[in-house]
Each structure stands twice: as C-alpha cells, then as structure tokens.
Amino acid sequence: MKYTEVFEQYERETKLFVSYMKDREYSQETQNAYFHDLKHFLTSLDGKAVSEVSEIDVMYFLTRVRESGAGARYRNRCQSAIRLFYKVMIRFKLTDHNPAMNIEKAKVEKKKQPVYLQKQFLDACLGLVEGRYMIRDVAIVALMAYAGLRVSEIVKLNISDFDQEGNNIGVLGKGGKWRYIPLPAEMTNLLQTCLSERLPPRNAKETAFFISQFRRRISKRMVQSIAEKTFQALFEKYPHLSGRTLSAHKLRHSFATDLLHNGADLRTVQELLGHEDISTTQIYTHVLDEAKERAMNNIRPAIPGELLNGEA
C-alpha cells in the first residue's frame, strides 16, 4: 500500500494513536518515531483490518525490518510502537487483542557504562554557573544533578509541583507518569530563592517554574545550553576532563551513580529516576561492580605461603 492509501484506510486509528500520545505527554521525538514506525507497519498489512492482524503478521514485519539491515534497537522500537498502538486500539474497543504483546524483543548488545561526573566535579558545577540569571540556572543544574530530572521534566515543572512545606517536588515524567522526589533542605532553600526571583511571565496565567529571558516557559534548548556552558567552565577549570562527552542528560547519570555509591538499591534508584522498567536502571550496575571489587580486595585468605610460592 502507498502511504496516502494507508492514511485513508486507517485515518481514525492513526488519529486516536497520535491523540493518545499527546494526551499522555510523550515527547515530540517519541511521537515522531512511533508514528514513523507505525506508518511502515500499516503499509505492510496490505489493507487488512486492524482487528484482523495476528501475531504472525507482526513477526513477519519485524523480520523484514531486521532483514533490511536495521539493528536490534530499531526493531525493538518498532515493536514498542506497534504494542502501544494496539493498547490504544483495545482501549477504544477497535480490537480485543494485542498481537505484539507476547513477541520477544531482540537481544541488544549491552550498553557501555554511562558517562558520569564524580561527586567532586558535580559539586564544582554549581559554583561555575554565572550570568544574569545565575540563581535560576543553578537551580536547573541542581535539579538534574541532585534530583535526576530530565531536560523535558525541567521544562514542564510548574510552581504548584514544588511542595515547600513537604520538601519535595512532583515530576511529570515519560508517559504522563508522576513521581515525587524528597528534597534535602539545601535544595528546598535554593528553589525557594529561585521562586522569589522568578521573572514575571508575559502571560500572567503562566505557571512554569522556570521562565526564560523572553518571559515564557523555558525551552529544552535553553536548558541544554545552560548545561553546556556549565561544562565548558568545568573543562576550563579541570582540563583533564575535557575529553569527556558531557550533556545535560549526563547530570542525571551522575545523580544515579552517586545514589548507588551512597548505598541506595536499584529499586530506589529506579523510582527516583522514573524508569518504568528496572532493566533500564541496570546500566548503573557498574557502581555495584566497583563496590563488590572493593569488598573483595579487603578479603585476605590465610593461604599457606608454600602454596603461593608453588612449593606444594
């Protein structure tokens, strides 16, 4: 089928899918990627009704994706898009089954250890933030580095999400899911100061916690720019770090790593980061491996010397 024919036949289904992702506040990148993957899947059905699609149809499509040269990660993304699409179709009673639900995902090569900053350099970042809106920018860096917020979560943060009396913030994460993060007193004080110096927005009804110099809700690009300037100052102060590939998201990695170094378990880290699946959190197990190595280095077996010298 041609794309134009696909949109004509599955117009209602695709509109529901897009509306669902928007309502659940999926990122624009995810919306675009999933819609792209779904478009190719629907094209492969040759006009078959959504309710008539079987697990075999999905498997054939995923096989063709693999044979086209796509990697396991892309294949799994296609499967996730189809699975979510059918979740929406079931919700709106356009079918009664999800043909992608029980298909095993392709094995993906394990990710390399995430890049992160050690605590001393993480702390140094806050003292290197400069500029006219220093308090705001320090608060943004601190929320990523010491509370694990994503860039998109910084952007979506509203004044009402900050509970000053309860010392916590409500964070609207991926898939429209909320999580609540307890804050240390220092962070609460910083956010209170930031709020007291918040720029008056152009629109009096704007509830964003962070306001840009243009008097609007701060953008993702501006948050990333604040992080980039901070890292540039860090590299200038510590030239030996300049080879590291750092980004705003690496502050989140650093937060997770610091939690594990301080004894938090993976489940706690999962909840604080807002990961839906603990397998995502397991990329940080390098910290646990380091802890195990340190623990084993403290073991001193009383092995007879002659055995060690090969005299047995």
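Residues numbered from 1 in each chain as written. Predicted model: local features only at pLDDT ≥ 70, side-chain atom pairs only at ≥ 80, totals over all residues. Heavy atoms only, no water.

Novice: Looking at this model, I keep getting lost on the pairing of strand 2 (residues 168–172). Mind explaining?
Specialist: Looking along a regular strand, one sees the side chains alternate between the two faces of the sheet. For strand 2, a buried count of five out of five residues is recorded, marking the element as mostly surrounded by other parts of the structure. In strand 2, alternate side chains face the same way, and those of Asn168, Gly170 and Leu172 on one face and Ile169 and Val171 on the other are all buried. For strand 1 (residues 162–163) and strand 2, the ladder comprises two bridges, and the chain directions are antiparallel. Note that in strand 2 the partner of Asp163 across the bridge is Asn168. Linking two consecutive strands that pair antiparallel, namely strand 1 and strand 2, is a turn of four residues; a positive phi of about 55 degrees is found at Asn167 within it. With five bridges connecting them, strand 2 and strand 3 (residues 178–182) associate as antiparallel partners. By the bridge assignment, Asn168 is partnered in strand 3 with Pro182. Linking two consecutive strands that pair antiparallel, namely strand 2 and strand 3, is a turn of five residues; a positive phi of about 70 degrees is found at Gly175 within it. (Buried < 20%, exposed > 50% of the residue type's maximum accessible area, 1.4 Å probe, protein only. Helix = DSSP H or I, 4+ residues; strand = E, 2+ residues; numbered from the N terminus. Pairing = 2+ DSSP bridges.)

Novice: Before we go on, may I ask you to explain the layout of surface pockets in this structure?
Specialist: Over the atoms, a rolled probe matching the size of one water molecule traces out where space is still vacant. If you add up the space inside the second largest pocket, you get close to 280 Å³. Taken together, 15 residues form the lining of the second largest pocket, with Glu130, Asp137, Ser225, Ile226 and Lys229 sitting closest to its centre. Breaking the lining of the second largest pocket down by element, the ones donating at least two residues are helix 7 (134–147) and helix 10 (220–237). The element best represented in the lining of the second largest pocket is helix 10, accounting for six residues. Considered class by class, the residues forming the lining of the second largest pocket number six nonpolar, four polar and five charged. (1 Å grid on protein atoms, 1.4 Å probe; cavity = no way out; pocket = protein on both sides within 12 Å on 5 of 7 lines; lining within 4 Å. Points joined across faces, edges and corners; volume = space filled by probe spheres on them. Nonpolar A, V, L, I, M, F, W, Y, C, P; charged D, E, K, R; others polar.)

Novice: Any chance you could explain the environment of Arg150 here in plain terms?
Specialist: Note that Arg150 resides in the loop between helix 7 and helix 8 (151–156). Contact partners of Arg150, with chain neighbours within four places excluded, come to Gly173, Lys174, Arg179, Arg252, Leu273, Gly274 and His275. (Contact = heavy atoms within 4.5 Å.)

Novice: Before we go on, may I ask you to explain the nonpolar core in this structure?
Specialist: Burial of nonpolar side chains together is a common tendency in soluble globular proteins. Grouped together as the largest cluster of nonpolar side chains are 55 residues, with contacts concentrated most on Leu143, Met144, Ile169, Phe210 and Leu234. Listing elements by their share of this core, those giving two or more residues are helix 6 (119–128), helix 7, helix 8, strand 2, helix 9 (185–196), helix 10, helix 11 (248–261) and helix 12 (266–273). The element that contributes the greatest number of residues to this core is helix 7, accounting for nine residues. Leave out the neighbours within four places in its chain, and Leu234 touches Leu117, Phe121, Ala124, Cys125, Leu128, Leu241 and Leu246. Grouped together as the second largest cluster of nonpolar side chains are 26 residues, Val6, Val58, Ala81 and Met89 included. (Core = buried A, V, L, I, M, F, W, Y, C linked by side-chain atoms within 4.5 Å.)

Worth remembering: the numbers are spatial, not functional.
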